[in-house]
Amino acid sequence: MSLQEFWDYLVLGLMLGSLYAVIAIGYTLVYGVLQLINFAHSEVFMVGAYGSLIVLTLVDPGANPSMLASIGFVALAMAGSALFGGVTAYGLEKVAYRPLRRRGAPRLIFLITAIGASFFLYNLAGKLFGRDPSTLPEMYKNENVFTIFGAGVNITQLLQFATAVVMMIALDLLVNRTKLGKGIRAVAQDAEVASLMGVDIDKVISRTFIIGGVLGGVAGFLFANLNQVSYTMGFIPGITAFAAAVVGGIGNIRGAMLGGVLIGIVETMTVPLLGDEWRSVSAMVVLILVLMFRPMGILGERVGRAA
Amino acid sequence: MLNKTVIKLAIPVAVGALALTGCGGGDSGSGDTVKIAFEGPLSGDNVALGENMQNGVQLAIKQANASGDLGFKLEYVAADDQGLPDKAPTAAQKVIDDPDVKAVVGPAFSGPTNSASPLYAEAGLVTVTPSATNPTLTDEANGFTSLLRAVPNDNMQGKAMGDFFSKKIGAKKVYLIDDKTDYGVGLSKVAEATLKAAGVSVVKKSVPQKTPDYSATAKDVVNSKADGLIYAGYYQDLAPFAKKLSDAGFKGAAISGDGSNDAKFVELAGSASENWYLTCPCTDATVEAGTKKFAEDYQKEFNRAPGTYSAEAYDVANMIIAEIKKAGKDVEREALRDALAKASYKGLTKTFSFEKNGEFKGTDVFVYQVKSGKIAYQGNVNELIG
């Protein structure tokens, strides 16, 4: 691999990794407050993608929209995906998890419920939206905007990377600087004590789901823009992002970001070095290697401690 | 306590046993109805290809019933295998257990054909596939004695792709991708051999279906400096890949096979599908003179133009109907299978007859190209390369 090729793939890997990072945050946030792996998060991501598709189909960008219009369409699509993602995650918590929590169900039941909810959601989506994939209508003409280390970056990639970074910074601030963030961290550290200190646990948990859902939904839109929309689109990125969350240290928000970027780069680098068929393998090898030497992930567990 | 448990268990077991014997008893068929099944992807990611064929079969059955000279009633049975090898045996079993089903159109895809054919062979139920093109399916060692292939296999199509690149396009270096399915791997193997024999250098890669991001793959194609690209796989993966290729600035000639030869490819990939070549052992029903009438009927019935393999499925269904008509509605499954294997039937698209192992006799492969958002018919490969 020449140096130029290295930069090419590094940039591509960073773009993909930023997307994995945003999805991984959804897993990590929920794990932080509930110690639950929310396997239905990949479906929140899928529903978000459909949200943007629905919005874009309704407003219909037409051929060659102006630059201002393009920005508007992107913003609308993003808002649509955030709304769909947020509402789905909220509903999921309300319908699938809260009743279990009330009854003090064992952890395993939560896990099974999560998988059940995931099956339900993607089959429902297949029924509602059809089982054929679709693509988002073109919102802008995808051209190269600049080059970095000789690697061209086009609008789709820039949009994807910039949105991911902005969302991650915003989330980091939210968790570390706001009252809600303090609540999230308190519940993550010790839910019982937090409730004794006057934190409304139900509210914090449900808001955590909404935040994770909004991030997941927008990631769904970005992913749909990169690839396409289909009812099974959540599965592979979902598993990969979950692995990324574990690599970084599940429950740890900055860990999820780091893990996502790392897995994205490793996957992309695999393509020229070993070939596409090895990309998932190499991602999982990274996971295993990290867990062998740092069983809690690179940055360690828990929202409360590390953020 | 123990007794109660035994009784609780005994009742469902007894009911189940009754149900089973009920199934086994009625193998002779009943009434005036003969059923023809279609096995293919009727849900899942490749549903468009399945529906193309299902519609063709349904149209044939409807017209046969309407003609009034059958003396019995034909009925359609759908068997959905989602295009997946692991779902196919269940779909096949469902069809086999229905004693009224005398013949099956399909399975549509090579993988499912491979996993379902042992069951069909055991039941003696004939399956005539209009589209499963993996060459190994007709190997006699498989023992797929009920399988008839009504389409030239991938050896023909892969060879056509290779010939087209070496003789018509004049490519020097071809980047060859398969999608790791039975179909894609079979196709790419033959294409590779043909290209190498013609002195074209080949970069061969496998990119599994549902790869989440094709950017890196597209970059790799451009970096390889290949002037030709072959994608052996299906449209729903080719579409995002084609987009990334166009983003990455790939300028060479690109070709894919019948798995991508669907209007959905153009719809999904948009302008990135422009100039892609597509091969198919199928003709374009809306262009060829022999199938114009069929295309009109199809349009009227389903409110859309026939797609890839619609006309072939229609032909195969009609061939089966003709044989059932000859043999009468009470024909045994095995007898119908043997009759079909020996038959020669002139359909709208081509003449169907089979080798001893069930392989199709004939080699016609056709080339299409996406032009201004339409899949335009270019002609027979043998004529194009001259």
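Residues numbered from 1 in each chain as written. Chains lettered and ligands numbered in written order. Predicted model: local features only at pLDDT ≥ 70, side-chain atom pairs only at ≥ 80, totals over all residues.

**Description of the sheet that holds strand β7 (residues 201–206) of chain B**
All names here are of chain B. One open sheet holds the 7 strands; their spatial order is β7-β6-β8-β9-β10-β13-β14, and the pairing between them is mixed. What marks the edges here is a single partner per strand, and that holds for β7 and β14 (374–380). When strand polarity is set aside, the average angle formed by the axes of neighbouring strands in this sheet is 25°. Note: strand β6 (residues 173–178) against strand β8 (residues 228–232), 5 bridges, orientation parallel. Paired with Tyr175 across the bridge in β8 is Leu229. Lying over the sheet, helix α6 (residues 182–197) contacts β6, β7 and β8, oriented at roughly 165° with respect to β6. (Pairing = 2+ DSSP bridges. Helix = DSSP H or I, 4+ residues; strand = E, 2+ residues; numbered from the N terminus. Axes fitted to C-alpha atoms, helices over the stretch in contact; angles between N-to-C directions. Contact = placed C-beta atoms within 7 Å.)

**Section: the packing of helix α10 (residues 253–273) of chain A against helix α11 (residues 279–293) of chain A**
Residues and elements named next belong to chain A. Axis separation between α10 and α11 bottoms out at 8 Å; the angle between their running directions is 140°. Comparing their axes, α11 and α10 come out oblique. Crossing angle aside, the handedness with which α10 passes α11 is right-handed. Contacts between α10 and α11 involve Leu262, Ile263, Val266, Glu267, Thr270 and Val271 from the former and Arg279, Ser282, Ala283 and Val286 from the latter. Of the residues that constitute the contact of α10 with α11, the class distribution is 6 nonpolar, 2 polar and 2 charged. (Parallel < 35°, antiparallel > 145°, perpendicular 65-115°, else oblique. Left-handed = near helix turned anticlockwise from the far one by under 90°. Nonpolar A, V, L, I, M, F, W, Y, C, P; charged D, E, K, R; others polar.)

**Some words on the nonpolar core**
One finds Val57, Val174, Ile230, Ala317 and Ile320 of chain B to be the most contacted residues of the largest nonpolar core, which totals 112 residues. Both domains that furnish three or more residues to this core are identified here as domain 1 (2–152 + 288–352) and domain 2 (154–280 + 365–384) of chain B. Filtering out sequence-adjacent residues up to four positions away, Val174 of chain B remains in contact with Phe165, Leu195, Val200, Val202, Ala226, Gly228, Leu229 and Ile230 of chain B. Judged by nonpolar contacts, the second largest core, of 98 residues, contains Tyr31, Ala82, Ile211 and Leu226 of chain A. (Core = buried A, V, L, I, M, F, W, Y, C linked by C-beta atoms within 7 Å. Buried ≥ 20, exposed ≤ 12 C-beta atoms within 10 Å, placed from the backbone. Domains from an automatic or database assignment.)

**So, the sheet that holds strand β4 (residues 126–129) of chain B**
Residues and elements named next belong to chain B. Spatially, 5 strands are ordered β2-β1-β3-β4-β5 in an open sheet, and the strand pairing comes out parallel. In this open sheet, the two edge strands, each paired with only one partner strand, are β2 (73–80) and β5 (147–149). Within the sheet, the average angular offset between the axes of one strand and its neighbour, ignoring direction, is 25°. Along the sheet, helix α11 (residues 310–327) makes contact with β1 (33–40), β2, β3 (101–105) and β4, crossing β3 at roughly 155°.

**Looking at the packing of helix α9 (residues 235–248) of chain A against α10 of chain A**
Residue and element names in this part refer to chain A. Across the interface, α9 lies against α10 with an axial gap of 7 Å and an inter-helix angle of 120°. The pairing of α9 with α10 is recorded here as oblique in orientation. Considering only the axes of α9 and α10, their crossing is right-handed. Residues Thr240, Ala241, Ala243, Ala244, Ala245, Val247 and Gly248 of α9 pack against Gly255, Ala256, Met257, Leu258, Gly259, Gly260, Leu262 and Ile263 of α10. Across the contact of α9 with α10, the residue classes tally to 10 nonpolar, 5 polar and no charged.

**With respect to the domain arrangement of chain B**
Residue and element names in this part refer to chain B. Assigned domains of chain B: these are domain 1 (2–152 + 288–352) and domain 2 (154–280 + 365–384). Inter-centroid distance (C-alpha atoms) of domain 1 to domain 2 is 31 Å. Facing the 15 residues of domain 1 at the interface are 17 residues of domain 2. The element that contributes the greatest number of residues to the side of domain 1 that touches domain 2 is helix α4 (residues 110–123), accounting for 3 residues. Within the side of domain 1 that touches domain 2, the residues separate by chemical class into 5 nonpolar, 9 polar and 1 charged.

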